[in-house]
Amino acid sequence: MTLALSSRHEWVKKSELRAMSVECERVGGINLSQGVCDLPVPEPVVRAAKKAIDAGNNSYSRHDGTDALRRALAVKYQRLAGLDVDPETNVVATSGATGALYCSCLALLEPGDEVMLFEPYYSYHESTIVATEAVPVFISTKAPDWSFSMEDLESAVTSKTRAIIVNTPSNPSGKVWSREELLQIAEFAKRHDIFVFTDEIYDLFVFDGLEHISMASLPGMWERTITMSGLSKTFSITGWRIGYAICSEKWAEAIGNFSDLVYVCAPTPLQMGAAAGIVELDDEYFAKLADKYRRKREILCDALFEAGLTPCVPQGAYYVLADVSWLPGSDSKSRAMYLLDKTGVACVPGESFFKGTAGDDIVRFCFAKEDDVVEEAGRRLQKLKALGIEKAG
Ligand SMILES: Cc1ncc(COP(=O)(O)O)c(C=O)c1O
């Protein structure tokens with residue numbers, strides 16, 4: 001017998017995001033590639049986590065989360081979405097939203113089941129589907145509003161279609177799905193009797209007076225919706241690994257069992273910090289937070305327009321897709337590398353978010369950085385203007 005990697009190892013590739021970050025560090029650039037927020041962690045979150053550690057809350061928690069976190073989430077969803085969430089049976093705290101999707105796929109999908117995924121997609125969504133032996137089926141959307149066609153959805157349905165993923169607000173497009181769009185998906189899911197996995201991790205990052213709508217709150221959707229989210233983004237705690245799934249008890253138990261198997265539990269004292277943040281920070285705090293990000297969006301989008309990298313101005317989340325079609329290079333990766341080389345600003349090649357070639361002309365920038373970092377990135381991007389590259393069209 002020869003030692004070898006499993007055939008499964010081919011299914012999960014090194015994330016393009018990581019590769020760009022490594023390259024950025026090598027050249028000492030400004031990293032607007034990975035969705036890591038540099039902003040300070042809110043005081044109540046830090047205080048409660050430290051207190052929990054000092055008080056000796058350092059053991060495993062219940063596999064589906066501490067009482068405090070499950071209760072806090074039940075209150076949050078009552079307030080935000082009018083959902084009647086039972087903290088005992090409808091909440092599973094997980095290792096990030098990433099863990100919530102992984103465990104949901106393991107618990108609810110058969111090998112070979114098809115899962116619909118809108119392009120542009122968050123690459124972990126695709127990889128998780130593949131890693132759990134399900135099959136992603138890509139549905140294209142059209143810029144600038146990333147609209148989809150019901151005909152495309154209908155013609156992609158097969159007897160194996162089992163779920164559809166909705167990400168609102170979306171990474172990478174920043175699309176905030178409207179109530180009408182979600183109602184269309186809801187009706188579609190009911191008619192074809194499929195699950196909706198909804199990733200709502202950016203639910204509090206919504207701009208321009210738009211409203212975040214939770215799929216589970218729409219009529220008849222609670223039973224078939226797995227709401228996945230986490231506190232990584234809201235509290236700038238991407239390294240804490242606190243996320244959750246909210247759903248009917250019919251599914252929550254099995255999702256929780258997989259989470260127990262893979263992660264045992266989310267870090268106990270950090271769950272306590274997150275719970276305190278949810279309870280103690282009020283609507284005004286979150287409105288101010290969204291406004292801070294709106295300002296960052298403005299700074300970056302203005303700079304992109306000025307540099308000729310026309311952005312598709314996002315409605316939510318904290319990323320912006322921009323046009324790099326006129327930069328030298330044959331695909332988005334070479335164009336992103338060119339950009340890093342000439343301006344010292346790292347971004348993610350658009351090909352990470354599409355199956356085909358639709359991402360070749362775009363890149364994604366993350367603006368979850370301190371204002372001065374976003375401003376400096378904006379200034380560096382203007383170096384493109386001095387290079388005298390012919391912009392076609
Ligand atoms: C859409 C989306 N879902 C999930 C995650 C990861 O969330 P977590 O840190 O809770 O695993 C990200 C991070 O970039 C994301 O953009």
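All values reported here derive from a predicted model rather than from experimental measurement.

Asker: A description of the sheet that holds strand β8 (residues 243-246) should follow, citing residues and the corresponding values.
Answerer: With mixed pairing, the 7 strands of this open sheet are ordered in space as β2-β8-β7-β6-β5-β3-β4. Each having just a single partner strand, β2 (91-94) and β4 (135-139) make up the two edges of the open sheet. Averaged over all pairs of adjacent strands, the angle between strand axes in this sheet comes to 25°, irrespective of strand direction. Along the sheet, helix α5 (residues 123-131) contacts β3 (114-118), β4, β5 (161-167) and β6 (195-199); its crossing angle with β4, the most-contacted strand, is approximately 145°. Those strands touched by helix α7 (residues 179-192) are β3, β5 and β6, and its axis lies near 165° from that of β5.

Asker: Describe in detail the packing of helix α4 (residues 96-108) against α5, supporting the description with residues and values.
Answerer: Axis separation between α4 and α5 bottoms out at 9 Å; the angle between their running directions is 30°. Considered as vectors, α4 and α5 are oriented roughly parallel to each other. Read as a crossing pair, α4 and α5 show a hand that is right-handed. Residue-level contacts link Thr-98, Leu-101, Tyr-102 and Cys-105 of α4 to Tyr-124, His-125 and Thr-128 of α5. Classifying every residue of the contact of α4 with α5 by side-chain character gives 4 nonpolar, 3 polar and no charged.

Asker: Give me the packing of helix α1 (residues 16-27) against helix α11 (residues 332-343): which residues, what numbers.
Answerer: Their axes nearest at 11 Å, the elements α1 and α11 cross at an angle of 25°. Relative to α11, α1 is oriented roughly parallel. The handedness of the crossing between α1 and α11 comes out as right-handed. For the pair formed by α1 and α11, the contact residues are Glu-16, Met-20, Glu-23, Cys-24 and Val-27 on the first element and Lys-333, Ala-336, Met-337 and Leu-340 on the second. Partitioning the contact of α1 with α11 into residue classes produces 6 nonpolar, no polar and 3 charged.

Asker: Please set out the environment of Glu-375 residue by residue, giving values where relevant.
Answerer: Within the fold, Glu-375 resides in helix α12 (residues 371-381). Judged by relative accessible area, which is 36%, Glu-375 ranks as partly exposed. Here the alpha-carbon distance between Glu-375 and Asp-283, two residues 92 residues apart in the chain, equals 28 Å.

Asker: I'd love a proper account of the packing of aromatic side chains, names of residues and values included.
Answerer: Counting across every chain of the model gives 17 aromatic pairs. The interplanar angle of 85° and the centroid separation of 4.9 Å between the aromatic rings of Phe-195 and Trp-251 together place this pair among those described as edge-to-face. With Phe-195 in strand β6 and Trp-251 in helix α8 (residues 249-263), the pair connects residues that are 56 residues apart, well separated along the chain. Here a set of aromatic residues connected by ring pairs shows up, and it is made of Tyr-202, Phe-205, Tyr-293, Tyr-318 and Tyr-319. One cation-aromatic arrangement involves Lys-175 over Trp-177; the distance from NZ or CZ to the ring centre is 5.2 Å.

Asker: Please provide a residue-by-residue account of the side chain of Thr-66, values included.
Answerer: With respect to the secondary-structure elements, Thr-66 resides in the loop between α2 (43-54) and α3 (67-81). Within the local environment of Thr-66, its side chain forms a polar contact with the backbone nitrogen of Leu-69, the two atoms lying 3.1 Å apart.

Asker: Residues and numbers for the side chain of Thr-132, please.
Answerer: In this fold, Thr-132 is placed in the loop between α5 and β4. Take Thr-132: its relative accessible area is 8%, and that puts it in the buried class. Of the polar contacts made by the side chain of Thr-132, one reaches the backbone oxygen of Thr-128; its length is 2.8 Å. Here the side chain of Thr-132 touches Ile-129 through a polar contact of 3.1 Å, landing on its backbone oxygen. Residues within four places of Thr-132 in sequence aside, it is in contact with Tyr-102, Cys-105 and Leu-106.

What counts, and where the lines are drawn
Residues numbered from 1 in each chain as written. Predicted model: local features only at pLDDT ≥ 70, side-chain atom pairs only at ≥ 80, totals over all residues. Heavy atoms only, no water. Pairing = 2+ DSSP bridges. Helix = DSSP H or I, 4+ residues; strand = E, 2+ residues; numbered from the N terminus. Axes fitted to C-alpha atoms, helices over the stretch in contact; angles between N-to-C directions. Contact = heavy atoms within 4.5 Å. Parallel < 35°, antiparallel > 145°, perpendicular 65-115°, else oblique. Left-handed = near helix turned anticlockwise from the far one by under 90°. Nonpolar A, V, L, I, M, F, W, Y, C, P; charged D, E, K, R; others polar. Buried < 20%, exposed > 50% of the residue type's maximum accessible area, 1.4 Å probe, protein only. Phe/Tyr/Trp six-rings, centres within 6.5 Å; stacked < 30°, edge-to-face > 60°. Lys NZ or Arg CZ within 6 Å of the ring centre and 35° of its normal. Polar contact = N/O pair within 3.5 Å; in protein donor to acceptor, adjacent residues only side chain to side chain.

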